[in-house]
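# What the coordinates show
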Amino acid sequence: MIVTTAQLFKHAYGKYAVGAYNINNAEQAMGLFKGCIQSQAPFIIQISKGARKYTDKRMLEAIIRSAGEIFPEAIFAVHLDHGDEQTCYECIDSGFFSSVMIDASHESFDQNVAISKRVVDRAHAKGISVEAELGMLGGVEEDIKVEEGHAMLTNPEEAKDFVAKTGCDSLACAIGTSHGAFKFKGKQSLHFDVLEKIKALLPGFPLVMHGSSSVPQDEVARINAAGGKIAGSMGVDVNEYLPAAKRGVTKVNIDTDGRLVWTRVHREYFRDNPGDFDFRPAGKIFIEEYAKFIASRNVLLGSANQLADLRKSLGK
Ligand code: G3H
Ligand code: 13P
Ligand code: ZN
């Protein structure tokens, strides 16, 4: 069942965070649905602009529709990740997305407000939720690369003003994370002080944490042992997920970790089976491994075993 992110956040707020996982293909979709059913967790499927372009934007929609039929128990939102204004409108008009993210965080505050407000008005007219972003994460995000030192933590007073002016349903805040596998040098550091100030000024308002992959070091070691060359990687401590949820974070974005699972499975498979050229055996292993990974993340986010209660609260 497809629901809006606003519906998911109402149930989660202050108790747990909903995992928001990016998908690009059928194997990821299968692993994601399996893992969420195994762990009895609601979830958010994120589609980036890059994912829409990877094959054909209609392909992913069809895959998700089919997965919803294969796993009728699943409760999830279909969300556009890091949309620009035009892509938000396309997704709002598609009749398939239940949530969009307008990311105008690289614009001035006033421009960000104006763009986000236009998207909110169009989306709300169709009952679709909107996530907006204020502050700037470091790292690479589609065509935009934020250099280290230019990343900007969210200003709590501005966050309050921004939400009042735009009417958005949730806000992505920059609190020290970044996209990709190289988030911190030395020690990892999330700015819970900033999060607490935002929560105090916006009580009950759903916050979003991007760049939340944990970049498991055992995964990276296995990739490197199978021919990879990933050096200096570091992710978010998974023990920070629940403390973030208690401080108003209702959505935790995880993409990079899924890519690491894919890379480890495929590197190891073809290293161990050098004569093989059928991609399906490796694909099957990936689906199971990804499902396991997703279920483990849902436990850490506190979203595991929330499905029955959520269904009841939705009156379904
Ligand atoms: O924030 C970026 C997400 O990890 C999506 O990545 O744009 O390469 O699909 P992508
Ligand atoms: P990671 O790169 O940490 O997985 O972050 C993903 C993300 O924020 C997608 O919007
Ligand atoms: Zn992101």
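Keep in mind it's a predicted model, so treat the numbers as computed, not measured.

## Brief notes about the coordination of the zinc ion (ligand 3)
Listed as protein donors to the zinc ion (ligand 3) are H82 (NE2), H179 (NE2) and H210 (ND1); their distances from the metal cover 2.0 to 2.1 Å. Sequence spacing of the donors to the zinc ion (ligand 3): H-x96-H-x30-H. Placement of the pair is H179 in the loop between strand 8 (170-173) and helix 8 (192-201) and H210 in the loop between strand 9 (207-209) and helix 9 (217-225), with a sequence separation of 31 residues.

## A few points about the side chain of K183
The topology assignment puts K183 in the loop between strand 8 and helix 8. Despite being buried, K183 has no salt bridge partner; D257 is the closest side chain of opposite charge, sitting 7.1 Å away. One polar contact links the side chain of K183 to the main-chain carbonyl oxygen of S178, over a distance of 2.6 Å. When neighbours within four sequence positions are excluded, K183 is seen to be in contact with S178, G211, S212, S213, V215, M234, G235 and V236.

## Notes on unusual backbone geometry
Its identity is not glycine, yet Q40 carries a phi of approximately 55°, on the positive side. Its place among the elements puts Q40 in the loop between helix 2 (26-38) and strand 2 (43-48). The exposure class assigned to Q40 is partly exposed, which follows from its relative accessible area of 24%. In this structure, N305 is a non-glycine residue whose phi angle is positive, near 65°. As for its placement among the helices and strands, N305 is situated in the loop between helix 12 (279-301) and helix 13 (307-313). For N305, a relative accessible area of 61% puts it in the exposed group.

## So, the packing of helix 11 (residues 256-272) against helix 12
In contact at an axis separation of 9 Å, helix 11 and helix 12 are set at 145° when each is read in the N-to-C sense. Note on packing geometry: the crossing formed by helix 11 with helix 12 is right-handed. For the pair helix 11 and helix 12, the contacting residues are D257, G258, V261, W262, R264, V265, H266, Y269 and F270 in the first and F279, P281, A282, G283, I285, F286, E289, Y290, F293 and R297 in the second. The residue makeup of the contact of helix 11 with helix 12, split by class, is twelve nonpolar, three polar and four charged.

## Some thoughts on the state of the cysteines
As used here, a disulfide is simply a covalent bond connecting the sulfur atoms of two cysteines. On inspection of all chains with the given rule, the structure shows zero disulfides. Looking at the unpaired C173, the closest cysteine sulfur is the one in C168, lying at 9.3 Å.

## Notes on the nonpolar core
In this structure, L8, L32 and L171 are the most contacted members of the largest nonpolar core, which totals 83 residues. With residues near it in sequence (within four places) discarded, L171 still touches A132, E133, L134, A159, F162, V163, F205, P206, L207 and V208. Among the nonpolar cores identified, the runner-up in size contains five residues, and A181, V220, I223 and L260 belong to it.

Thresholds applied
- Residues numbered from 1 in each chain as written.
- Chains lettered and ligands numbered in written order.
- Predicted model: local features only at pLDDT ≥ 70, side-chain atom pairs only at ≥ 80, totals over all residues.
- Heavy atoms only, no water.
- Donors = N, O, S within 2.8 Å, 3.2 Å for Na, K, Ca; no water.
- Helix = DSSP H or I, 4+ residues; strand = E, 2+ residues; numbered from the N terminus.
- Buried < 20%, exposed > 50% of the residue type's maximum accessible area, 1.4 Å probe, protein only.
- Lys, Arg positive; Asp, Glu negative; His and termini not counted.
- Salt bridge = Lys/Arg side-chain N within 4 Å of Asp/Glu carboxyl O.
- Polar contact = N/O pair within 3.5 Å; in protein donor to acceptor, adjacent residues only side chain to side chain.
- Contact = heavy atoms within 4.5 Å.
- Axes fitted to C-alpha atoms, helices over the stretch in contact; angles between N-to-C directions.
- Left-handed = near helix turned anticlockwise from the far one by under 90°.
- Nonpolar A, V, L, I, M, F, W, Y, C, P; charged D, E, K, R; others polar.
- Disulfide = S-S within 2.5 Å.
- Core = buried A, V, L, I, M, F, W, Y, C linked by side-chain atoms within 4.5 Å.

Function cannot be read off these values alone, since they describe shape.
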